[in-house]
Amino acid sequence: MRTKQVNLLITLVAVALFSFSCFCIYRITQTHNRLINCRNHILEFKENMLHLRNKTEKNSQEMMKVLNRIKYEITKRENLSGNLVAQKADILNKNETISNTFEDLKFFFPHIRKEGRIYPDVIIGKGKTGVSFALGISTVNRGNYSYLKQTLTSVVSRMTLSEEKDSIVIVSVADSNEDYLHSVVKMITRKFKRQVRSGSLEVISIPAFLYSSMLNAKHLAEASQKLASWRIKQVLDFCILMLYAQPKAKYYLQLEDDIIAKEMYFTKITDFVGNISSNNWFFIEFSMLGFIGKLFRSEDLTHFVRFFLMFYKEKPIDWLLNDIFQVKVCDTGEDLGNCIKRKKQIRIRYKPSLFQHVGIHSSFPGKERYEKKI
C-alpha cells in the first residue's frame, strides 16, 4: 500500500515538473518572440532614421544649392549695378548712362519682360554724375493746384554756387498727362535757366508701360481701390526715381513737390553728414513727415528698392521704411526695448526739420492735407 502511495506521489511530482517545464518553455518562447519583435522594431526604427537622415541631408544640399544660386545672382546683380553701360537713352539725350539695376524691375513685373530697354525718358539733362548729393522730387498733376515752382525755388535758391555744383536736382514727372509734362518743362526752362545749362537740374518722365495693369481705369471703381492704386503708384514712382538717381551721386535725398526747404538747409545737411562719427547709419531723417527729407547712401538704394518692390501692394512707402528696420534690426522674440535702442543707432533723426510741408491739396484727387512740419 505504501509503495502505491509513493509511486503516485512520484507520478504527481513528475507531472508537476513536466507542466512547470512546459510553462517555462512557453514563457521562454514567448519572451524570445517578444525580443525578436523588439529587435525588428529597433531595426525598422534605425532604418527609418537612416532614411530620414539621408533625406534631410539631400534636402539640405538642395537648399544650399538654391541659397548659393540666390547669393550668386544677388552678387552678380550688385556687381552689374556698379558698372554703368553706356547706351543711347533717347533722342533728347544720347549720352545718358543707363544703370543695369533697372533690369530688377523685370523680376517683379512680368508684364515688362518683353520690353527691351527699361529706363525713364530724359527730357532735360546733361548726364551729370560724380556729385555728392542727388535730390529727387516726384511730381504729378494736381489739377488747378501746383506747388512745384515754389518747391524748386526754395530748394535751388538756398544752395551756394559750390553746393549747386556738387549736387543734382532731379524732377520726375510721374504722370501720363502730356500737357502737364510740357507745363513742367516750360516752367523749369524759363525759371531755372542756369541750373538747366549746367546740368544741375534734370527732368525725367516715367513711361506708362512701367506701371502694371492694376492701375488701369477698370480697377478704379471704388474710392478705396482708387486710394490703394494711388499708393501703389506712389511707391513705384519713388523706386524708379531712386534707381535713376543712384549712379549719379554718393548720397540721395528724397523730397516731394509740395515742400519748402529752410534757409541753409543744404549746408546743414552736408555739415551734419560730415560730422557723423559712425558709418553704420542706414538713413538720416531731416524731416519726420512721411517720406520727405530722407537721406540714403546711394549704394544702399538697391536694397531699399528691392524691399519696397516686394511689398509695394501692401503698404505706403513710409510704412515700408519702418518695416525694413523691423526685418533688419529686430530678432524674433527679442525685447522691444533692445530693438528700439539699436534702431536709433542706425536710423538717425536731425532736429529741427529742414523741410516744411505746404501742400494742402494732395496728389490724390479730392484729398486735402494740412499737416506741416517746422
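Residues numbered from 1 in each chain as written. Predicted model: local features only at pLDDT ≥ 70, side-chain atom pairs only at ≥ 80, totals over all residues. Heavy atoms only, no water.

Put simply, the rule reads: UniProt positions are given in the numbering used here, feature names are shortened, and annotations may be inferred rather than shown by experiment.
Going by what an unreviewed UniProt entry lists, the chain is known as MGAT4 family member D and is assigned to Theropithecus gelada. Check the Sequence similarities (unreviewed entry) section of the UniProt entry for the chain; it says "Belongs to the glycosyltransferase 54 family." UniProt lists a comment for the chain under the heading Subcellular location (unreviewed entry), and it reads "Golgi apparatus membrane".

### What about the overall build of the chain?
Put simply, the test is: Here a helix means four or more residues in a row that DSSP labels H or I, a strand means two or more in a row labelled E, and each is numbered from the N terminus. Note on classification: 1.4 Å probe, protein chains only; a residue is buried when its accessible area is under 20% of the maximum for its type, exposed when over 50%, partly exposed between these limits. Note on contacts: a residue pair qualifies if any of its non-hydrogen atoms lie within 4.5 Å across the two residues. Residue burial considers only the protein chains on display, and all accessible areas are found by Shrake-Rupley using a 1.4 Å probe.
Each helix and strand in the chain was counted, giving 11 helices and 12 strands. Counting the 374 residues in the chain, one finds 42% classified as buried. Within the chain, contacts between residues at least 6 apart in sequence are counted, and of these 72% link residues at least 24 apart. Element-wise, carbon and sulfur atoms account for 56% of the exposed surface of the chain, whose accessible area totals about 21,900 Å².

### Brief notes about a positive patch on the surface
To keep it simple, the criterion reads: Patch criteria: residues need more than 30% relative accessible area and no salt bridge. Like-charged residues are merged within 9 Å; nonpolar side chains of Val, Leu, Ile, Met, Phe, Trp and Tyr are merged within 5 Å. The term salt bridge refers to a pairing of a side-chain nitrogen on Lys or Arg with a carboxyl oxygen on Asp or Glu at a separation within 4 Å. Residues counted as positive are Lys and Arg, residues counted as negative are Asp and Glu, and His and the chain ends are not counted. To locate a charge, the coordinates of NZ of Lys, CZ of Arg, CG of Asp or CD of Glu are taken.
Judged by side-chain charge, Lys126, Lys186, Arg190, Lys193 and Arg197 come together as a positively charged surface patch. Elements with a contribution of two residues or more to the positive patch: helix H5 (178-191) and helix H6 (193-198). Relative to the assigned elements, Lys193 resides in helix H6.

### With respect to the nonpolar core
Within soluble globular proteins, side chains that are nonpolar tend to cluster in buried spots. How we decide: Nonpolar core, defined: a set of buried Ala, Val, Leu, Ile, Met, Phe, Trp, Tyr and Cys residues in which side-chain atoms within 4.5 Å join the residues together.
Core analysis: the largest hydrophobic core is formed by 50 residues, its most contacted members being Leu105, Phe296, Phe304 and Phe308. Put simply, the parts of the chain that give this core at least two residues each are strand E4 (131-139), strand E5 (167-173), helix H7 (223-245), strand E7 (249-256), helix H9 (301-310), helix H10 (317-329) and helix H11 (336-346). Sorting elements by how many residues they give to this core places H7 first, with 11 residues. Met187, Leu253, Tyr265 and Phe355 belong to the second largest nonpolar core, which has 42 residues in total.

### A closer look at the pairing of strand E6 (residues 201-205)
The criterion, for reference: Strands qualify as paired when DSSP identifies two bridges or more between them.
Of all 5 residues in E6, 5 are buried; the element is thus mostly enclosed. Pairing of E5 with E6 involves 5 bridges; the strand directions are parallel. Pairing of Ile170 across the sheet is with Glu202, part of E6.

### Details of the packing of H10 against H11
Formally: Whenever a helix is involved, its axis is fitted only over the stretch in contact; in every case the axis is a line through C-alpha atoms, and angles between N-to-C directions fall within 0 to 180 degrees. Comment on the angle field: the value is read as roughly parallel under 35 degrees, roughly antiparallel over 145, roughly perpendicular from 65 to 115, and oblique elsewhere. Left-handed describes a crossing whose near helix is turned anticlockwise from the far helix by less than a right angle; the clockwise case is right-handed. Polarity classes work like this: nonpolar for Ala, Val, Leu, Ile, Met, Phe, Trp, Tyr, Cys and Pro, charged for Asp, Glu, Lys and Arg, and polar for all others, with Gly in that last group.
Running from N to C, H10 and H11 point in directions that differ by 115°, and their axes come no closer than 10 Å. One element, H10, and the other, H11, form an angle in the roughly perpendicular class. Crossing angle aside, the handedness with which H10 passes H11 is right-handed. Across from Phe325, Gln326 and Val329 in H10, the residues of H11 making contact are Cys339, Arg342, Lys343 and Ile346. Its residues placed into classes, the contact of H10 with H11 shows 4 nonpolar, 1 polar and 2 charged.

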